[in-house]
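Examining the three-dimensional arrangement
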Amino acid sequence: MLWALPFVALPIAIHLIHRRRVRKVAWGAMMFLLQGAKLSKGMQRLRHFLLLTLRTLAVAGLIFGLGRPLAGGWLGGMGGGKADMVLVLLDRSASMSAHMGANGESKLQTGVKRIAAALESSEAAHIACIDSVGLGITEVSEPEDLLGLALTRGSSAQASLPSMLEVALQHLRATGAGRTEIWICSDGQEGDWSPEDGRWGTLREAMLAFPAGVRVHVLNFGEAAPRDLAVRISQTRTVKGTEGARLVLDLEVAGPGDFDAAEPVPLAIQVGGARSVVPVELVAGRAILAGHSIALDETMQAGFGYVELPSDSNLENNRYYFTYGGETVRDTAIVWQDQGTRDVLSFAAEAGLTEGISFGSHTTPFEQRDELDLEGSSLLLWQGPLPGEPLAARVQKFVATGGRVIFLPPEAPLGNDYQGYSWLPEQDFSGGANAQVPSSWRRSEDLLRSGGDGTELALKDLNVRRVQPVSGDVTPLASFEDGTALLSRAPTQRGGLYFLSTGLSSAHSNLANQGVVLVAMVQRALQEAALDLGSQAQQDAGRYEPLSAEYEWLTEADEAWLLEERLQHAGVLLSGQKLVALNRPAAEDAGSLLPDERLSELMGDVDLVMASGTQSSSGLIDEVWRTFLIAVLLALICESLLCITEGESRKERKLGEVVKS
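These figures come from a predicted structure and were not determined experimentally. (Residues numbered from 1 in each chain as written. Predicted model: local features only at pLDDT ≥ 70, side-chain atom pairs only at ≥ 80, totals over all residues. Heavy atoms only, no water.)

The subject of this paragraph is the sheet that holds strand β7 (residues 230–241). Pairing within the open sheet is antiparallel, and its 3 strands lie in the order β7-β8-β11. The two strands at the open ends of the sheet, each matched to only one other strand, are β7 and β11 (286–296). Each strand axis lies, on average, 15° off the axis of its neighbour in the sheet, ignoring direction. (Pairing = 2+ DSSP bridges. Helix = DSSP H or I, 4+ residues; strand = E, 2+ residues; numbered from the N terminus. Axes fitted to C-alpha atoms, helices over the stretch in contact; angles between N-to-C directions.)

With that out of the way, let us pick up the environment of E411. On the secondary structure map, E411 appears in the loop between β17 (404–408) and β18 (422–423). Classification of E411 as exposed rests on a relative accessible area of 53%. C-alpha separation for the pair E411 and P385, spaced 26 residues apart in sequence, amounts to 8.0 Å. Residues in contact with E411, not counting those within four places in the same chain, are Q337, D338 and Q383. (Buried < 20%, exposed > 50% of the residue type's maximum accessible area, 1.4 Å probe, protein only. Contact = heavy atoms within 4.5 Å.)

Counting residues in each nonpolar core, the largest one holds 35 residues, and the members touching the most others are I406, L448, L459, L487, L500 and V522. For this core, the secondary-structure elements that each account for two or more residues are α8 (339–349), β15 (357–365), β16 (377–383), β17, β23 (475–479), β24 (485–490), β25 (496–500) and α11 (516–533). Considering every element that reaches this core, the biggest residue donor is α11, with 7 residues. Every residue in contact with I406, bar those within four places of it in the chain, is listed here: L379, L380, L381, W382, L447, Y498, L500 and A525. Core analysis: the next-biggest nonpolar cluster, separate from the first, contains 30 residues, L87, L165, I184 and V218 among them. (Core = buried A, V, L, I, M, F, W, Y, C linked by side-chain atoms within 4.5 Å.)

As a packed pair, helix α5 (residues 161–175) and helix α7 (residues 200–209) sit with axes 11 Å apart at the nearest point and diverge in direction by 30°. Accordingly, the angle class assigned to the pair α5 and α7 is roughly parallel. Handedness of the crossing formed by α5 with α7: left-handed. Across the interface between the two elements, P162, L165, E166, L169 and R173 from α5 touch W200, L203, A206 and M207 from α7. (Parallel < 35°, antiparallel > 145°, perpendicular 65-115°, else oblique. Left-handed = near helix turned anticlockwise from the far one by under 90°.)

In structure tokens:
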């Protein structure tokens, strides 16, 4: 119908033709009357312009109304035609299982329904689905087929939007698709989007390079689920004493900060066949239960269990599995140049006082770094020039499996380049005469986060005289007023890679003497690595690979799970002789949302359209032809009123002329 837009010129053409039909005849007797009529000529011209505009808008509105336009920010083709390929990217992470309304549907289910309804109006030539679990391409013939896919069900795993977009672009290249639309259904969790992933630049360039163009639509369910509580175990350990063995749990219950619980929340603990309930009182939506002890008899020296909250808006984060039995050891590997630094790092690594866990370290001089043994270690503390090949490949593999690495500056100003990172020349604050104190740091996450009771680390007690920053793509976790970073983190898909920009000698800082900050950093790195590496037989769902394909699933399995996706869900399995508990990643409980501005930065110049996924929002694509027809009706009514006013004015003027004559 848009080809009919030239007909908008019809009222203008009729107006011009009508003006040509008027013949002017000079008549001396009417000269004085014509001079009087000139006084109202300006108002008449304004009225004529308004009439012409309303008539033109009426024709344009009629054409647009008959064309059945789409609205809602998801307009598919005003002049661009329908899409040749539509790729639907579904975030199936644990947080997408939250129910947002009274209809009992999860964010994921609601998003799939809305996208399917939108595709009915878009008339796309080809439709395919990519889910965050399998990262496979599933083609559908009709949009409504999306509703019946098993791929639209939630999981306990974390999503990776960069990986999903990578698969989508590979599919577009392989099929040679024309005009393409990528629709992403997600809840905006920062851990799922991985904004620090180094692939974003390549993905932007690839989308912009498609000749026919790529438009990205994001349906964002970033609204927090109401009254949603999550439970998580930070560590488990078995303690043997004179009265027998005990299972000790450290766990946390967290929800929205404004969560108001009139009564303590009952927390169920299942160990073997025994079940107990512990009342937990929430303060500002948070409760920490540390050192909760459960007696074990002789038949329960090893096994598994879970902790569980009552049902709420997200069942996926109400249960957390654990295993127990055997000795827990947290080992740290230390590479050193300075002997004093070695002693301080060894003290920080072995300073843990958690009952039932042994803390140890082994040191390697920098000259013997090729003999470094990382087997069984959770953390690598490296003081010296950055590792070169082939040792760099071993360190990278250690990080990729979940280990943590903290690099400290070398004694010499120059060193190797590691994964695009290198130490810059050393800098003195005010010539070394004055020390600087960190002015800002991340208090809510990572190694410098505040304690469970809100107590901040004593970074304000630090005095730093010399820094040696690192070059490369890093995120500062603590900085000084001039922007220089004290502690930085490099982006990794798993594990952790950190750079501490000052040394431990008194000439550099008081980190060694102050002690608290350094010990907290090292112990938190050990704790996080223990979960990633599975030193307590706890692993993230979706990331664990069994020792062999012949593993045994020990907990209850949902009949709706696909067999090949079982490791994407929470539960306990037996792999060889090892019990492994699979749970959702910690980032799924963090609730850290990616701001819209940051998402726009990630997409750059890519054509991006965003829509809210809240329950109060309407469909993704709405036909708005009624709006245009109402506009046509209003334009015609206004045009009629102007015509009536003009007719009455003419009658009054003619009557006045008769009276004067």
